[in-house]
Amino acid sequence: FSSSRMLRQALRRFGQKLVSRRPLEKEVYEFEFGKKLRTLDLVALGVGNTVGVGIYFLANEVARNQAGPSIVICFLVAGLTSLLAGLCYAEFSARVPHSGSAYLYSYITLGELWAFISGWNIILSLVVDVFIVVQAWILTFDIFNGNHISETQQEIISQYVPQVTAENLRYFFVIFLVLVLELQSTSWIFRLFTLVKVLVLSFFIISGFMKGDLHNWKLTGSGGFVPFGFEGILRGSATCFYAFIGFGIIVTRVRKSHNPQRSIPMGIVISQLICFLLYFGVSVALTLMVPYYQLRPGSTLPEAFLHIGWVPAYYVLAFAIFCSILVNTYWGFMFRIHRRIRMMAEDNILFPFLARIHTNTYARIISTVTFGSIATIMVFFFGLTDLLHFTSFEALISYSLVALCVLIIRYQPERRKEENQPEVQEENGQIETKLQEENEENETEVQQENGGNEIQVQGKTAHAIEKLTLRRLFFPGSPTPTPLSGQIVYVCSSLLVLLLILLCLVLAHWPSLLSGDPVPVTMVVLLLVLITGITGVIWRQPQSSTRLQFKVPAVPLLPLLSIFVNVCLMMQMSAVTWAWFGVWMLIGFALYFGYGIQQS
C-alpha cells in the first residue's frame, strides 16, 4: 500500500511539472530598440520580415510542379491560414505585456511540456532559415554572373577536392559572408531595402498585367487553370505557406511600441493583408506572363522578364532579391536563435549557462558551433524544397498551439499574481512539492465520486464546491468563468484537437470519399458529429470579461478553423519532413526528460 501511494504521488508530481504554467508577472528578455515604434513602423517591420526571399523562387517552383496557374488559389489559402494565426497572435499581444512568441504563450496557457515542444522546434526552424537564405545568396550571384558560379565552380575546384565538397563549397563561402554582414547591419538599411523590394514587386505586378496573356490560364492539353487538380492546390498551399512566415517578429516589440495593446494587433493584421496582396499579385502576373510548363526547373522569379524580352527588368528584380536577403540578414539569424535559447535557459528547460549566451563568449561559441554544424549537415542531406517544407511545418505547429491557447485562455477565470503554481524544490535527489497550509485554499482539487459521475472542484477564491453534471455542460449557471468551466474547456479543447487530427488524416485520403467508400464516409460523419457536439459545449461556457484592445472574433470557431487548416496543410508535407521532425523531437524529449523537467 505504501509503495502504491508513493507511486501515485510521484506520478502526480510528474504530471504537475508537465502542465506547470509560467507566471504572468515573470520578466521576459526584451529586444532593445532605439525608439518607440508607431503602428506604421510595426507594419513596415512585419512586411519587411515576411516578404523575404521565399517568393522569388517559390512562385516558379509551385507554378511549374504543383499547381500551375492555380497558384493564385494556393497563395489565397496560405494567406488566409496565416491571417487566422495572426489574429490569434494579435489577441495574445493585447493580453500579455511581454515580448511574445509561441513559446511564451504556450508556457502561460498550456504548460511546460508544450512550451518546450514549441521552443525546441522554433530553434531548428531558425537554423533551417540560415541555409534557405544561403541558397538565395547563391541564386542571386548566379543571376548577376550569368550562372558562372554554378557552372565554373565544379570545373575548377573539383579537380582538387572531392566531388561532394566541390558541389557544396559555395555554401560555406556564403555562410561566412552572411555572418560577416550580420555585424555590419543598421536599421536605416532595413527600412530602405524594405521599401525597395515592395516597389520592385509592385513593378513586377504591373508588368504582368501589361504584358500578360489571359490565354495562359485557359490552356487545354497542357493543363488549363488547375492542371494538377485539387491535390496540387493543397500541396502548393503547403509550400506557399513559407512565404507568409515572419509576422511573429512584431509581437517581440511590445514594450517598444506606443500603445502596444492597439498598435501590435493592427500591425499584425495590416502587414498580413499587404503581404497577401503582394503575393497574390505576383502569382497572377507570373502565370499571365509565362505558361507554367515553360518555367525552367530551378528558375527564379526574375526569369519571367526574360520570357517577355525585358532584360533590364530582369536585373532590377534580381536587385530586389539582394535587398530581401540583406533585410533577412539584418535581423541576424544567430541573434534570434540565441534569444530563443536564452528564454528557455532562463526557465531552466535548457542548461542554465546558456542564459548568459549574450554576454558569455563560451556559451555563444558552443551554441553557434552546434547549430552551425546542424545547418552544414542539412546542406549535404536535404534539398531546398525539403527545408522549405520543414520551416513551414514548424510554423504550422507554433500557429496551432497559439490558436489552442486563445481558445483555452478565453474561457479561464482571471489569473492573479498570488495564484502561482506550487513551488517545486529538489531534496535528497527527488523533486518534492511543498504544500503549505496557507495556500491550500488556492489549489484546485479534483475528486471523482460515484464511479466518475460527478467531479468536485474547490474554487481558488471561494469555498463553494461546483459539481459537474450533464446539465452544467450546456447551462453553466455563471456569467463569468469558474475553475470548473475552465477545466471543461481545457479538456474539451484537447479532445477537439485529437478529433481534428483524425479528421484531417481521413480527409487526406479524399479520393476514397469521392468514390463513395462507406468506411471513410462514416468516419467523417461520426467525427463531424463529435466535433460539433464538443464545440457546442465550449460555446456554452462563460467567456472572460477582461477588456482587451483586440479579441479574436467568433470564438471558438475561428481558433478551431485555424487549427484545422494548419493540420490539413501539415498533412501535405513530404515523408522526409515528418521523419526529420520525429528525429528532432526524439532528441528534444531526451534532453527535456533527462534534464529540463528536473531543473525547471
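Preceding this paragraph is the structure being described.
Residues numbered from 1 in each chain as written. Predicted model: local features only at pLDDT ≥ 70, side-chain atom pairs only at ≥ 80, totals over all residues. Heavy atoms only, no water.

Draft legend 1. Examining the overall build of the chain more closely. Of regular secondary structure, the chain possesses 22 helices and five strands. Going through the 600 residues of the chain one by one, you find that 51% of them count as buried. Of the contacts made within the chain by residues no fewer than 6 positions apart, 80% connect residues no fewer than 24 positions apart. (Helix = DSSP H or I, 4+ residues; strand = E, 2+ residues; numbered from the N terminus. Buried < 20%, exposed > 50% of the residue type's maximum accessible area, 1.4 Å probe, protein only. Contact = heavy atoms within 4.5 Å.)

Draft legend 2. Region of interest: unusual backbone geometry. That bond from V555 to P556 is cis: its omega, 15°, falls within 30 degrees of zero. The residue P556 is located in the loop between α20 (518–540) and α21 (557–570) in this model. For N348, which is not glycine, the phi torsion reads 65° and is therefore positive. Relative to the helices and strands, N348 is located in the loop between α14 (333–346) and α15 (361–381). A positive phi angle, close to 55°, is found at A554, a residue other than glycine. With respect to the secondary-structure elements, A554 resides in the loop between α20 and α21.

Draft legend 3. Geometry of the side chain of S101. In this fold, S101 is placed in the loop between α4 (71–95) and α5 (102–109). If we skip the residues at most four places from it in the chain, S101 touches V251, R340 and M343.

Draft legend 4. Structural view of the pattern of salt bridges. Applying the stated criterion across every chain, the model contains six salt bridges. With a shortest N-O distance of 2.6 Å, R410 and E91 are connected by a salt bridge. Here E91 lies in helix α4 and R410 lies in the loop between α16 (384–409) and β1 (424–427), a separation of 319 residues in the sequence. Each member of the pair, R410 as well as E91, is classed as buried. (Salt bridge = Lys/Arg side-chain N within 4 Å of Asp/Glu carboxyl O.)

Draft legend 5. Representation of a nonpolar patch on the surface within the structure. On the surface, a cluster of nonpolar side chains totalling about 500 Å² of accessible area is made up of V491, L495, L498, I501, L502 and L505. Looking at where L505 falls in the secondary structure, it is placed in helix α18 (residues 483–507). (Patch = residues over 30% accessible without salt bridge, like charges linked within 9 Å, V, L, I, M, F, W, Y side chains within 5 Å. Areas by Shrake-Rupley, 256 points an atom, 1.4 Å probe, with all protein chains shown as cover.)

Draft legend 6. Looking closely at the nonpolar core. Core analysis: the biggest nonpolar cluster contains 151 residues, and I71, Y89, F204, L301, L317 and L350 have the highest contact counts within it. The element that contributes the greatest number of residues to this core is α16, accounting for 17 residues. Counting contributing residues per domain, this core is built from domain 1 (34–410) and domain 2 (475–545 + 563–598), each supplying no fewer than three. (Core = buried A, V, L, I, M, F, W, Y, C linked by side-chain atoms within 4.5 Å. Domains from an automatic or database assignment.)

Draft legend 7. Focus on the packing of aromatic side chains. What the rule picks out here adds up to 25 aromatic pairs. Look at F247 and Y399: their rings are 5.4 Å apart centre to centre, the planes differ by 35°, and that puts the pair in the tilted class. Of this pair, F247 sits in the loop between α10 (229–240) and α11 (260–289) while Y399 sits in helix α16; the two residues are 152 residues apart in sequence, bridging distant segments of the chain. The same class applies to F247 as to Y399, namely buried. Ring centres of Y292 and Y293 lie 5.7 Å apart, and the angle between their planes is 85°; this geometry places the pair in the edge-to-face category. By relative accessible area, which is 7% here, Y292 ends up buried. Here the aromatic residues Y89, F92, Y105, F241, F247 and Y399 are joined through ring pairs into a cluster of three or more. Seen from the ring of W539, R540 lies directly overhead, with NZ or CZ sitting 5.8 Å from the centre. (Phe/Tyr/Trp six-rings, centres within 6.5 Å; stacked < 30°, edge-to-face > 60°. Lys NZ or Arg CZ within 6 Å of the ring centre and 35° of its normal.)

Draft legend 8. Molecular detail of helix α3 (residues 54–67). Relative to the 20 Å expected for 14 residues at 1.5 Å per residue, α3 spans just 17 Å between its end C-alpha atoms, considerably shorter than the ideal helical length. Along α3, the largest kink reaches about 25° and is centred on E61. Counting buried positions over the 14 residues of α3 gives eleven, a clear majority of the element. By the burial criterion, the buried members of α3 are G54, I55, Y56, F57, L58, A59, N60, V62, A63, Q66 and A67. (Expected span 1.5 Å × (residues − 1). Bend = angle between axes of the 7 residues up to and from the residue.)

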